[in-house]
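Architecture and fold: a report
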Amino acid sequence: MKKFEAFRSRIVPLPINNVDTDQIIPARFLKTTSMEGLADQLFFDWRYQEDGSPKPDFILNQDRVKGASVLLAGDNFGCGSSREHAPWALTQFGFRAVISTSFADIFKQNSLKNALLPVVVTPEVQASLFAAVEADPAAEVAVDLAAQTLALPGGGSVEFRVDPFSRHCLLEGIDELGYILQQEAAIGAYEARRPHSIDTLAQVS
Amino acid sequence: MSRTIIEKLWDSHVVYEQAGAPSLIFIDLHLVHEVTSPQAFQGLRDRGLRVRRPDLTFATADHSIPTHDRSLPILDPIARKQLEALEANCREFGVPCEGIHGPRQGIVHVIGPELGLTQPGMTVVCGDSHTATHGAFGALAFGIGTSEVMHVLASQCLLQRKSKTYEVRVDGVLKPGVTAKDIILALISRIGVGGGTGHVFEYRGSAIRALSMEERMTVCNMSIEGGARAGLVAPDDATFQYLAGRPYAPTGAAWDAAVAQWKQLPTDEGAAFDKSIAIDADALEPMITYGTNPGQGVPITQPVPDPSSIGDPMERESVEKALRYMGLEGGKPLLGRPVDVVFIGSCTNSRISDLRAAAAVLKGRKVSPNVRVMVVPGSQAVKRQAYDEGLPEVFRAAGCEWREPGCSMCIAMNGDQLAPGQYGVSTSNRNFEGRQGKGGRTFLASPLTAAATAIAGHVADVRKLQ
Ligand code: SF4
């Protein structure tokens, strides 16, 4: 995994609460066995007309957000299914951070494993950011994970919190599985003292 | 110190803890399906890893599997490839798998319990957000993403942060026509789809105790729809009775020892929860959703909310957007609204008791000629049991389609779906835009409401059925 560097970006506003993962990537695209090629399927049903042409009023189809890598969302972003295809599609499209007042638990964990930063802000900051992009579509934020700060368009910045372990993994580009496998001794010791439970390999009637 | 069952489950599964890092916890049962596992198996292959505990892992095909006659070929080449990949991956890594033609195939959250794989005191995970279903047994069960599927395959462990505890107390007695589904829809309509974020629910109280195991599964199933990754019910005699004699349940002395252990699990007297809500079972009515998330639900006799009466602007916009998508007007009732499709199935309501409840309503009646009714059993075992009881004949005589087990129109990956603009009453768990087919409009409800609606041809109250 690449190290997560600080960056500046324009903002893609999506002022909708409870955006669920079926909207982020509809289930019919989950028949793939690969994790590539999902950028075109991001927000598919909001993004494209019946005939496959882009819906001009949907934000991702507007020129002003080209190249932007920060999504500004309503409350409780990413609710619904556990599909990791959601953060895969978002990052493949080019997003590196999502700003909201809250994230669904599974989506948040999936995002942190894919270098997509969930930035939790207060409702006031969220509202001020929506107002700022409305007033100036070229408004930018700066995301600094090391400092855990979000620099706001009008000057000034706010802090956000990411749990120390995920932050460390992101900043250093560490894969969590490597850390888990290092705990082999503890896992083996647990297995040795754990009572026997099921055996799915057993022949049962 | 007094502990909740949630804390007991957590404490007994901690493998390793280090300051500044989440805890490493052990997973007792890992369920696998075709949609969220191929990239995880590929990850193992790329890293030269094997499956650490195939004996604690079990796979089945459910999400993209067709529900037509299984002797026919699978027409969708991408779905076929995904289903074949599951079987090939399981063969390569030594994981037991109930594939397309498996005699025990079914929706992952239906077969785990019915095979006795799911047991009290366990940690259970699956790359699927409805894994909380298994919480009905007093297990800590939750959904994970594909990276975590790979972590568990490789290590049988997960990095987790301890969740907060949330008591959902339901006391009283359900009125006729009101079901477990209505309890959970009522809860979610009160706390909202994000209300339980960061928490695990413990469902308690006399109304929960009175539920059968299958009804408890219906309640726990939709915990995620209230934002909680897991939800559970402490085990009791109903749990033990359900489990006794199941294929993977312990037997003999091991059974007695297990039951003695399981009896230690319930929340101690005086244990504190981080949050609490009380629901009066006597006051509940059949519930139905009107919107595009499961929290947008009302008692079936009530009108859908009028957005102009909502103060918060973003919330008002959300309801307006939902009603626009649903083609509904605020302030009007859903009762009497014509529907095109009724779907009885999904990991929420496809077990034998759900089919019996629907069949009892449909028996000797005909479904409306304007409605397509799909009945999809949750597993091969449910299907066999239904045949033993003559239920398929009841459904067919009423004019319903009786199909093969799978997720089917719950997620509409396999061709079972709503057409754009169509209305459906569904016993599944999600009414998100397009969830049951692009442009389709879903009303979530219980099997009783679904069956009554099928007969009437419009949203109907089962209590008023002639
Ligand atoms: S029935 Fe629906 S909710 Fe349940 S596992 Fe299948 S797709 Fe998921």
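Cut-offs applied
- Residues numbered from 1 in each chain as written.
- Chains lettered and ligands numbered in written order.
- Predicted model: local features only at pLDDT ≥ 70, side-chain atom pairs only at ≥ 80, totals over all residues.
- Heavy atoms only, no water.
- Helix = DSSP H or I, 4+ residues; strand = E, 2+ residues; numbered from the N terminus.
- Rg over C-alpha atoms; globule rule 2.2 N^0.38 Å.
- Buried < 20%, exposed > 50% of the residue type's maximum accessible area, 1.4 Å probe, protein only.
- Contact = heavy atoms within 4.5 Å.
- Areas by Shrake-Rupley, 256 points an atom, 1.4 Å probe, with all protein chains shown as cover.
- Domains from an automatic or database assignment.
- Buried area = accessible area lost by both parts, 1.4 Å probe.
- Salt bridge = Lys/Arg side-chain N within 4 Å of Asp/Glu carboxyl O.
- Polar contact = N/O pair within 3.5 Å; in protein donor to acceptor, adjacent residues only side chain to side chain.
- Nonpolar A, V, L, I, M, F, W, Y, C, P; charged D, E, K, R; others polar.
- Near = heavy atom within 4 Å.
- Pairing = 2+ DSSP bridges.
- pLDDT = per-residue confidence, 0-100.
- Axes fitted to C-alpha atoms, helices over the stretch in contact; angles between N-to-C directions.
- Disulfide = S-S within 2.5 Å.
- Expected span 1.5 Å × (residues − 1).
- Phe/Tyr/Trp six-rings, centres within 6.5 Å; stacked < 30°, edge-to-face > 60°.

This part takes up the overall build of chain B. Broken down by element type, chain B carries 15 helices and 19 strands. A compact globule built from 466 residues would reach a C-alpha radius of gyration of about 23 Å, and chain B, at 21 Å, matches this within 12%. With respect to the principal axes defined by its C-alpha atoms, chain B has extents near 55 × 55 × 45 Å. Within chain B, the proportion of its 466 residues that are buried is 67%. Expressed as a percentage of contacts within chain B between residues at least 6 apart in sequence, the contacts between residues at least 24 apart total 75%. As displayed, chain B offers around 15100 Å² of accessible surface, 51% of which is attributable to carbon and sulfur atoms.

All names here are of chain B. Each domain of chain B was delimited in the assignment, giving domain 1 (5–160), domain 2 (164–248 + 260–283) and domain 3 (287–464). Just the C-alpha atoms count here: the centres of domain 2 and domain 3 sit 23 Å apart. Counting each side, the surface lost to burial between domain 2 and domain 3 is near 1600 Å², with a carbon and sulfur contribution of 58%. Counting the surface domain 2 buries against domain 3, the share from its top three residues, Lys181, Leu185 and Glu214, is 31%. Linking domain 2 with domain 3 are one salt bridge, by the criterion used here. Note that Arg430 and Glu225 form a salt bridge whose closest N and O atoms lie 2.6 Å from each other. Counting the contacts that link domain 2 with domain 3 gives 11 residue pairs in polar contact (both at pLDDT 80 or more). When contributions to the side of domain 2 that touches domain 3 are tallied by element, the ones reaching two or more residues are helix 6 (180–191) and helix 8 (213–221). Per element, the largest residue contribution to the side of domain 2 that touches domain 3 is six residues, and it comes from helix 6. Looking at side-chain class alone, the side of domain 2 that touches domain 3 contains eight nonpolar, five polar and four charged residues.

What follows deals with the site of the ligand. Residue and element names in this part refer to chain B. The ligand sits among His63, Ile107, His109, Asp128, His130, Ser346, Cys347, Cys407, Cys410, Ile411, Asn429 and Arg435. Within the shell around the ligand, the residues separate by chemical class into five nonpolar, five polar and two charged. A domain split of the shell around the ligand shows at least three residues from each of domain 1 (5–160) and domain 3 (287–464).

Chain A puts 66 residues into the contact, and the matching count from chain B is 77 residues. Taken together, both faces of the contact between chain A and chain B bury some 5800 Å²; the carbon and sulfur share is 57%. Looking at the side of chain A facing chain B, the largest losses of area belong to Lys31(A), Ile198(A) and Thr200(A), adding up to 13% of the total buried there. Between the two partners, chain A and chain B, sit 10 salt bridges. For Glu191(A), the salt bridge identified is with Arg53(B), shortest N-O distance 3.0 Å. Those elements that provide at least two residues to the side of chain A that touches chain B are helix 1 (21–24), helix 2 (44–47), helix 3 (85–93), helix 4 (105–112), helix 5 (123–135), helix 6 (164–172), helix 7 (176–181) and helix 8 (184–193) of chain A. Element by element, the count of residues in the side of chain A that touches chain B is highest for helix 8 of chain A, at seven residues. Its residues placed into classes, the side of chain A that touches chain B shows 25 nonpolar, 23 polar and 18 charged.

Attention shifts here to the sheet that holds strand 5 (residues 97–98) of chain B. Residues and elements named next belong to chain B. A sheet is described by the order of its strands in space; here five strands give the open sequence 5-4-3-6-7, paired in parallel fashion. Each edge of the sheet is formed by a strand with only one pairing partner; in this case those strands are strand 5 and strand 7 (140–143). Pairing analysis gives three bridges linking strand 3 (residues 29–33) to strand 6 (residues 123–126), with the strands arranged parallel. Within strand 6, the position partnered with Leu29 by the bridge is Val124.

Inspection of the entire model under this criterion finds 38 salt bridges over all chains. Measuring nitrogen to oxygen at the nearest pair gives 2.6 Å for the salt bridge that ties Asp76(B) to Lys31(A). Here Asp76(B) is found in the loop between strand 4 (57–60) and helix 3 (77–93), whereas its partner Lys31(A) is found in the loop between helix 1 and helix 2 on a different chain. For Asp76(B), a relative accessible area of 26% corresponds to the partly exposed category. Looking at Lys31(A), the relative accessible area reads 11%, which means it is buried. In this structure, a network of salt bridges that share partners links the residues Glu184(A), Glu191(A), Arg52(B), Arg53(B) and Asp55(B).

Another point: the confidence of the model for chain B. One rule of thumb: low pLDDT means the predicted coordinates there are not for detailed reading. A residue-level look at chain B finds 100% of positions with pLDDT of 70 or above and a mean pLDDT of 96. Interface predicted TM-score (ipTM) for the complex: 0.93; the corresponding pTM is 0.96.

Before going further, it helps to examine the sheet that holds strand 2 (residues 23–26) of chain B. All names here are of chain B. With respect to topology, three strands assemble into an open sheet ordered 1-2-8, the strand pairing being antiparallel. At either margin of the open sheet sits one strand with a lone partner, and together these are strand 1 (14–16) and strand 8 (157–160). Shown here is a sheet whose adjacent strand axes are inclined to one another by a mean of 45 degrees, direction ignored. Where strand 2 meets strand 8, four bridges bridge the pair, whose relative direction is antiparallel. Note on strand 8: the bridge partner recorded for Phe26 is Cys157.

A separate point is the state of the cysteines. Residues and elements named next belong to chain B. This structure, assessed with the given rule, holds zero disulfides over all chains. No disulfide involves Cys400; its nearest neighbouring cysteine sulfur is the one of Cys410, lying 19 Å away. Taking the relative accessible area as the measure of exposure, Cys400 reaches 7% and is therefore buried.

Time to look at the side chain of Thr32(A). Relative to the helices and strands, Thr32(A) resides in the loop between helix 1 and helix 2. In this structure, Thr32(A) is in contact with Leu38(A), His85(A), Pro38(B), Gln39(B), Ile78(B) and Gln82(B), ignoring residues within four places of it in sequence.

To continue, consider helix 6 of chain B. All names here are of chain B. Between its first and last C-alpha, helix 6 extends 17 Å over 12 residues, near the 16 Å set by a 1.5 Å rise per residue. Burial of helix 6 is extensive: 10 of the 12 residues sit out of reach of the surface. Listed as buried for helix 6 are Ala180, Lys181, Asp182, Ile183, Ile184, Leu185, Ala186, Leu187, Ile188 and Ile191. Measuring from the backbone nitrogen of Lys181 back to the side-chain oxygen at the start of helix 6 gives 3.2 Å, which picks out Thr179 as the cap.

Turning our attention to the environment of Phe240(B). Residues and elements named next belong to chain B. Relative to the elements of secondary structure, Phe240 occurs in helix 9 (residues 237–243). On the accessibility criterion, Phe240 (8% relative accessible area) is buried. The spatial distance from the C-alpha of Phe240 to the C-alpha of Trp255 is 9.6 Å, given a sequence separation of 15 residues. Those residues in contact with Phe240, other than ones at most four positions away along the chain, are Pro235, Trp255, Val259, Trp262 and Lys263.

Another aspect to go through is the packing of aromatic side chains. Any pair of aromatic rings gets described here by the distance separating the centres and the angle formed by the planes. All names here are of chain B. Taken as a whole, this structure holds 22 aromatic pairs over all chains when the rule is applied. Judged by centre distance (5.1 Å) and plane angle (75 degrees), the ring pair of Tyr166 and Phe201 falls under edge-to-face. Here Phe201 lies in strand 10 (residues 199–204) and Tyr166 lies in strand 9 (residues 164–171), a separation of 35 residues in the sequence. Owing to a relative accessible area of 5%, Tyr166 belongs among the buried residues under this scheme.

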